[in-house]
Amino acid sequence: MASSSLARVLSRQMHMSARRHALTKFSMPAMSPTMTEGGIASWKKAEGEKFTAGDVLLEIETDKATIDVEAQDDGILAKIIAPDGSKNIAVGLPIAIMAEEGDDLSGAAQMASEPSAPSPSPSHPTKEENTPEPPNAEAPKPAPSQAKPELAKGERIFASPIAKKIALERGIPLAQVKGTGPEGRIIREDIEKYQPPAAAAVATTSSAPAASLPEYTDIPVTNMRRVIGSRLTQSKQELPHYYVTVQINMDKTMKLREVFNKTLGEKDKAAKLSVNDFILKAVACALNDVPEANSAWLGEVIRQYKKADISLAVATPTGLITPIVKDVGSKGLATISSEAKALAKKARDGKLAPQDYQGGTFTVSNLGMYDIDHFTAIINPPQSCILAVGTTQPTIVPAPEEERGFKTVNMMKVTLSSDHRTVDGAVAARWMTAFKGYLENPLTFML
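All of these numbers come straight from a predicted model, not from anything done at the bench.

Our next topic: the overall build of the protein. Within the protein, the secondary structure is distributed over 11 helices and 18 strands. Across the protein, contacts joining residues at least 24 apart in sequence account for 65% of those joining residues at least 6 apart.

This is how it looks when you write it as structure tokens:
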């Protein structure tokens, strides 16, 4: 009996000893197949706090949305490596130390400081390139004073973008600035603390004072804004865009919308169809008639889609995002309207799931509500087309059948941007003719 009790005690001690060293690193997860880096919007648990499976541990900021990350098992958040606001963290890099109940948390700080990759620093309006010191590192000692060798002509100078910008504005030669950042990189503080040589200072006393800089605010670039800039720049540079514009008589669509809204309002006062709902339906019908426009350039093949999954451009506080209304051709106007409204709200709230915005075969960007008459849009690769929709406004047109010889109609101008690799000019013209026909005779897409 005593030996049995002793065995149980030893077993428990061995079990506890093993668990004391069960600390693990929690890495930046890939929230989508194309995600390469992300940011920490906020941690929902504090250091040392317990959590159970299903609890939201943190919010990850991707290039498209802010996504909750749930715990898969019970545990303890032992140490946070990447604090709130950290950005540009590559997928797979450690962002926290996790433990289980009973683990010794005293080793979490040491594990967090183990070199695996540079720890991301919180984002600030003025982005620094300094790498934060580990919590248990000794205070840095001043480096021995060494004369900076003269740079050879044409030799590269390593400096952060903000340092280069300030140096250019102040006329400071970067070759004379000693960098204190990683590997001698020149950072903002080096520029701000730079003192010109005494001789140069005396020579400049008689010169005219430098012009004062205008007041400004540096706004940190979000992951979404950075990716938008990168992808749209790539699209505009690499895709052979061309544009086709038509004007559409919206009188019949406006009247039909008025009739439908009156009928829907009797059942549900909140249910109203927008002009954009008719546009999405007409786009899907035109894609069914001209499937060549519903395609994607994949390098070796051109993929032609059988369904119209339409990406709808939505402006959010952090940038543009394109949630997708799936298989629009098979849905009625009321269903299209409710799904589009729900997706737009989720987009503005930052609650879109990856499946809400990944994919899409054709994009619609509508600025009509801002009273924009006409604009051109940049294609969203690998899609082949994007439709830019302007406002609907009264326009005088010739009307020989009228006594006055003219009449006023509601005209809307739309422009189709196409990738010439997949959609030839004649194909774009056929598609625009079909699209115009559906909106000028909206009863046809209900047959």
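There is more to say after this.
Now for the pattern of salt bridges. In total, this model carries 14 salt bridges according to the counting rule given. Linking Arg-188 and Glu-192 is a salt bridge whose minimum nitrogen-to-oxygen distance equals 2.8 Å. Of this pair, Arg-188 and Glu-192 both sit in helix H4 (residues 188-192), separated by four residues, roughly a single helical turn. Assessed through its relative accessible area of 14%, Arg-188 is described here as buried. When salt bridges that share partners are traced, they join Lys-44, Glu-59 and Lys-351 into one network.

So, about the pairing of strand S16 (residues 362-366). Remark: a regular strand shows side chains that alternate across the two faces of the sheet. Among the five residues of S16, five are classified as buried, and the element is accordingly described as predominantly covered. Neither face of S16 is left uncovered, since the one carrying Phe-362, Val-364 and Asn-366 and the one carrying Thr-363 and Ser-365 both have all their residues buried. Where strand S12 (residues 310-312) lies against S16, three bridges are found, and the strand directions are parallel. Pairing of Ile-310 across the sheet is with Phe-362, part of S16.

So, about the packing of helix H8 (residues 275-289) against helix H11 (residues 425-440). Where H8 contacts H11, the two axes come as close as 8 Å, and the packing angle between them is 135°. If you check the angle between H8 and H11, you find them oblique. The crossing of H8 and H11 is right-handed. Here H8 contributes Phe-278, Ile-279, Ala-282, Val-283, Cys-285, Ala-286, Leu-287 and Asp-289 to the contact with H11, which in turn contributes Trp-431, Ala-434, Phe-435, Tyr-438 and Leu-439.

With antiparallel pairing, four strands are arranged side by side in an open sheet as S5-S4-S2-S7. The open sheet has two edge strands, strand S5 (66-70) and strand S7 (89-90), and neither has a second partner.

Right, let's talk about the sheet that holds S12 for a bit. Reading across from one edge, S9-S18-S17-S16-S12-S15 is the order of the six strands in this open sheet, with mixed pairing throughout. Of all the strands in the sheet, the pair left with one neighbour each is strand S9 (241-249) and strand S15 (324-325).

Of all six residues in strand S8 (residues 94-99), six are buried; the element is thus mostly enclosed. Pairing geometry for strand S1 (residues 24-27) and S8, over four bridges, is antiparallel. Following the sheet pairing, Ser-27 is matched in S8 by Pro-94. Taken together, the four bridges between strand S6 (residues 75-80) and S8 define a ladder with antiparallel strand orientation.

Parameters and conventions
- Sequence positions are assigned chain by chain, starting from 1 and proceeding in written order.
- Two thresholds apply to this predicted model, a pLDDT of at least 70 for residue-level local features and 80 or more for giving and counting side-chain atom pairs, whereas whole-chain, interface and lining totals are computed over all residues.
- Computation of side-chain values: all heavy atoms of the structure, hydrogens and water removed.
- Helical segments are the DSSP runs of H or I of at least four residues, strand segments are the runs of E of at least two, and each set is numbered from the N terminus.
- The contact criterion used throughout is that any non-hydrogen atoms of two residues lie within 4.5 Å.
- Put simply, a salt bridge is a Lys or Arg side-chain nitrogen that is within 4 Å of an Asp or Glu carboxyl oxygen.
- The classification of residues rests on relative accessible area computed with a 1.4 Å probe and restricted to protein chains. Under 20% of the type maximum is buried, over 50% is exposed, and intermediate values are partly exposed.
- Any two strands with at least two DSSP bridges between them are considered paired.
- Here an axis means a line fitted to C-alpha atoms, over the contact stretch when the element is a helix, while the angle between two N-to-C directions is reported on a 0 to 180 degree scale.
- Convention used here: angles under 35 degrees read as roughly parallel, angles over 145 as roughly antiparallel, angles from 65 to 115 as roughly perpendicular, and any remaining angle as oblique.
- Two helices crossing with the near one rotated counterclockwise from the far one by less than a right angle form a left-handed crossing, whereas a clockwise rotation gives a right-handed crossing.

Structural measurements only, silent on function.
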